[in-house]
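Notes for the structure review
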Amino acid sequence: MADAALRPLRVLLLAHGFNSLTQQVFARLRARGHVVSLELDISDAVTQEAVALFRPDVVIAPFLKRRIPEAVWRQHLCLVVHPGVPGDRGPSSLDRAILRGEARWGVTVLQATGEFDAGPVWATASFAMRPATKASLYRHEVTRCALAALSQCLRRIERGEGAPAPLPPQPGARAWPLLRQAERAIDWSVDGTEAVLRKIRSADGSPGLADSLFGERCHLFDAHPATPQALAGALEGAPGAVVARRANAILRRTADGGVWIGHVRRAASANAGEGDAPLKLPATEAFAEQAAQLPELPVPLLRDAAEWDELHYAEHGEAGARVGVLRFAFYNGAMSTRQCERLRDALRALRERPVQVLLLAGGPDFFSNGIHLNTIEAEGQAPGGSAADASLRNIEAIDDVALEILTITDRVTVSALCGNAGAGGVFLALAADEVWAHPGVVLNAHYKNMGNLWGSEYWTYVLPRRLGQARAMELTQARLPQPAADAVREGLLDACFGDDAEHFMALALARALAMASDAGHARRIADKQALRAADEAAKPLAAYREEELTRMRRNFYGFDPSYHVARYHFVHKLPQAWTPRHLALHR
Ligand code: COA
């Protein structure tokens, strides 16, 4: 969607939430020169009012859970993004495609009519399926295809053309109802690892796979295959038995192997109120007592990648020109105190490794989204717990990670973003010397949406050093998503390349190897050390941290509860009551 528009259109985005795809469409259409406004789908009356106020040339619904009101689609061209192939209809398209083991799937842009997903097809795009969660396919492949398909639609509208000739439906495609949990239930006595993974992934991130653990109903998320070596070190047990733990995950036997389950949402207790709904949490925290009884199976950082853990490290290249790649695949990019401590310890241990460049690769779907708001909320809800204390502990722990990166001065550090980054996760990436991403990555370099949180992670050091003080403040106040290519243009990122995450990582490794063997490497390290020393003399990192934490303590413990309220709304996914004014131009 990079080319300039032939003529600027007034585009109203109508969405259930300002999710990653909607953010991309919003930012990219604006970059093309269109006038874009957003209305969240709160009620039919609000949608009609938005249309009347904005008078759009086209309404685009990138992510909608309800029908567009008839009064709107009858009078305005409304295009709906459906994550399915032409002819496929229904709310569980991607879930079903994963369950059926489809080799290819697609995205269709349809014109809204009285029937769900049944209007004229304006554009389609298809992708090869990957063994990944529904949310991961959505954030990568579906988003890329939706952007390409919308681009075709907008070109037609810019040229004054209508819908293209009707497409024949894909063989086998049909209208499907909402997928019920019973249709993907795991039968632990017969389902092998492949089937268990497919079922859990089809429901991950939402609604999760309904199952039970330790005799209690729950939903499962974040599943990974276990190796025979891991199973050999675990307890004996029948299929379905929980037989070990590692990091945040528990190991469960399947009919022919085992799976690590990283996240779980327990069932609500019978007398729970509306605000007590259990949260999606690391499995070892959701079932802390039971998990503590299990044998722990730790693994070294440097190991075969098939052996699952959130942290993984590998080295590439010749001695004297080596690159270390540290992956930290924290589910949803959320980093709890414990996860931050593990990452800090890993970074410390890696100081001993003889590498010239350290690539910080984050996870496949997110680089980082900052502190773990769900574990903070859960700690606050626990008897005698304090969300303020838990928040401060988590911030101190993520600051320690940032400090560790900032003080690595004997090698070049590069953050390589395979997925999006938000809030503190962006500033964690900026702690490295260079920051690279692929064009599908979106950054949300601001904290303000979380109840006016001031922010930490040394952002007051790392952001102005790239953008200058004035632009740094402007960016954090504007609260807008920024695609990686735009971020490079203003110097927030250093480079944006590759077709997708996989291609990007291959290119990033090649670039890092070239940097590691570059004749100017020693000079670069000397310059880096001199700059860090000069910066430290001008204002110590400890001073930045203390200033930020002073403001954060006020957010956590002060009389204004905005942060606690915003966190509560976020973790419980409460519907928005209005569209944020900085996104709704028409209001
Ligand atoms: N803590 C816990 N969970 C988080 C999280 C965090 N910091 N950031 C994201 N998540 C979870 C979401 O709840 C969601 O969970 P789900 O799997 O149950 O659906 C999932 O990650 C994806 O997030 P979502 O908001 O749907 O992704 P997005 O791409 O649409 O938006 C952000 C990305 C970063 C804009 C948005 O997730 C966000 O604002 N996160 C909070 C960032 C923050 O304030 N961090 C704390 C200060 S450092």
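Because the structure is a prediction, the values reported are computed rather than measured.

**Overview of the site of the ligand**
Every one of the 25 residues lining the ligand counts as a neighbour, but S20, K280, N332, I371 and L373 are closest to it. At 3.0 Å from an oxygen atom of the ligand is found a side-chain nitrogen or oxygen belonging to N332. Here the ligand, which alone exposes 870 Å², has 85% of that area covered by the protein. Of all the elements in the fold, those that place two or more residues in the shell around the ligand are α1 (20-31) and α11 (373-381). Taken together, the residues of the shell around the ligand break down into 9 nonpolar, 12 polar and 4 charged.

**Comments concerning the sheet that holds strand β22 (residues 495-496)**
Strand order in the open sheet formed by 6 strands is β13-β14-β15-β17-β19-β22, and the pairing between neighbours is mixed. Two strands bound the open sheet, and with one partner strand each, they are β13 (311-316) and β22. For strand β15 (residues 357-362) and strand β17 (residues 412-417), the ladder comprises 4 bridges, and the chain directions are parallel. From the neighbouring strand, L359 faces β17, where its bridge partner is V414. Against the sheet, helix α18 (residues 501-516) touches β13, β14 (323-328), β15, β17, β19 (434-437) and β22, its axis set at about 165° to β15.

**Some words on the side chain of T254**
Counting through the fold element by element, T254 comes out in the loop between β10 (249-253) and β11 (258-266). Here T254 falls in the buried class, since its relative accessible area comes to 4%. Within the structure, the side chain of T254 is placed 3.3 Å from the backbone nitrogen of G258, a separation counted as a polar contact. With residues near it in sequence (within four places) discarded, T254 still touches W188, D191, G192, T193, V196, P239 and V259.

**Structural notes on the pattern of salt bridges**
For the structure shown, the criterion picks out 45 salt bridges. The closest approach of N and O atoms between R322 and E315, which form a salt bridge, is 3.2 Å. Residue R353 pairs with E315 through a salt bridge whose shortest N-O separation is 2.7 Å. Highlighted residues: R353 in the loop between α10 (337-350) and β15 and E315 in strand β13, separated in sequence by 38 residues. A relative accessible area of 30% means that R353 is categorised as partly exposed. E315 sits in the buried class, given a relative accessible area of 15%. Salt bridges here are not isolated pairs; linked through shared partners, they connect R344, D345, E396, D399, D400 and R545.

**As for the packing of α10 against helix α12 (residues 387-406)**
Each pair of packed helices gets described by two things: the angle between the helix axes and the distance between those axes. Packing of α10 against α12 brings their axes to within 9 Å, and their N-to-C directions diverge by 20°. In terms of axis orientation, α10 runs roughly parallel to α12. Taken as a pair, α10 and α12 cross one another with a handedness that is left-handed. Counting all contacts with α10, which are made through T337, C340, L343, R344, L347 and R348, the residues of α12 involved are A390, R393, N394, A397, I398, D400, V401, E404 and I405.

**Description of the pairing of strand β1 (residues 10-15)**
Counting buried residues in β1 gives 5 out of 6 residues, a clear majority hidden from the surface. In this view, the connection linking β1 to its parallel neighbour strand β2 (residues 35-40) by way of α1 has right-handed handedness. In this structure, β1 lies alongside strand β3 (residues 58-63), joined through 4 bridges in parallel fashion. When the sheet's bridge partners are listed, A15 is paired in β3 with F63.

**Focus: the domain arrangement of the chain**
Domain boundaries assigned for the chain yield domain 1 (10-158), domain 2 (186-292) and domain 3 (311-571). The partner domain 3 presents 18 residues to the 14 residues of domain 1 that form the contact. Here domain 1 meets domain 3 over a buried area of about 1100 Å², counting both sides, of which 53% is carbon and sulfur. By the criterion of area lost to domain 3, the three top residues of domain 1 are Q24, R139 and H140, representing 38% of everything that side buries. One can count 6 residue pairs in polar contact (both at pLDDT 80 or more) joining domain 1 with domain 3. Elements represented by at least two residues in the side of domain 1 that touches domain 3 include exactly α1 and α5 (134-158). Looking at side-chain class alone, the side of domain 1 that touches domain 3 contains 4 nonpolar, 6 polar and 4 charged residues.

**Regarding the packing of aromatic side chains**
Counting across every chain of the model gives 13 aromatic pairs. Ring geometry for F427 versus Y447: centroids 5.3 Å apart, planes at 20°, classification stacked. Of this pair, F427 sits in helix α13 (residues 424-430) while Y447 sits in the loop between β20 (442-444) and α14 (459-462), and the two are 20 residues apart along the sequence. For the pair F427 and Y447, one class covers both residues: buried. Measuring from ring centre to ring centre gives 5.0 Å for F497 and F504, while their planes differ by 40°; the resulting arrangement is tilted. With relative accessibility at 10%, the residue F497 sits in the buried group.

Rules of the game
- Residues numbered from 1 in each chain as written.
- Predicted model: local features only at pLDDT ≥ 70, side-chain atom pairs only at ≥ 80, totals over all residues.
- Heavy atoms only, no water.
- Near = heavy atom within 4 Å.
- Polar contact = N/O pair within 3.5 Å; in protein donor to acceptor, adjacent residues only side chain to side chain.
- Areas by Shrake-Rupley, 256 points an atom, 1.4 Å probe, with all protein chains shown as cover.
- Helix = DSSP H or I, 4+ residues; strand = E, 2+ residues; numbered from the N terminus.
- Nonpolar A, V, L, I, M, F, W, Y, C, P; charged D, E, K, R; others polar.
- Pairing = 2+ DSSP bridges.
- Contact = heavy atoms within 4.5 Å.
- Axes fitted to C-alpha atoms, helices over the stretch in contact; angles between N-to-C directions.
- Buried < 20%, exposed > 50% of the residue type's maximum accessible area, 1.4 Å probe, protein only.
- Salt bridge = Lys/Arg side-chain N within 4 Å of Asp/Glu carboxyl O.
- Parallel < 35°, antiparallel > 145°, perpendicular 65-115°, else oblique.
- Left-handed = near helix turned anticlockwise from the far one by under 90°.
- Right-handed = clockwise from strand over helix to strand, strands pointing away.
- Domains from an automatic or database assignment.
- Buried area = accessible area lost by both parts, 1.4 Å probe.
- Phe/Tyr/Trp six-rings, centres within 6.5 Å; stacked < 30°, edge-to-face > 60°.

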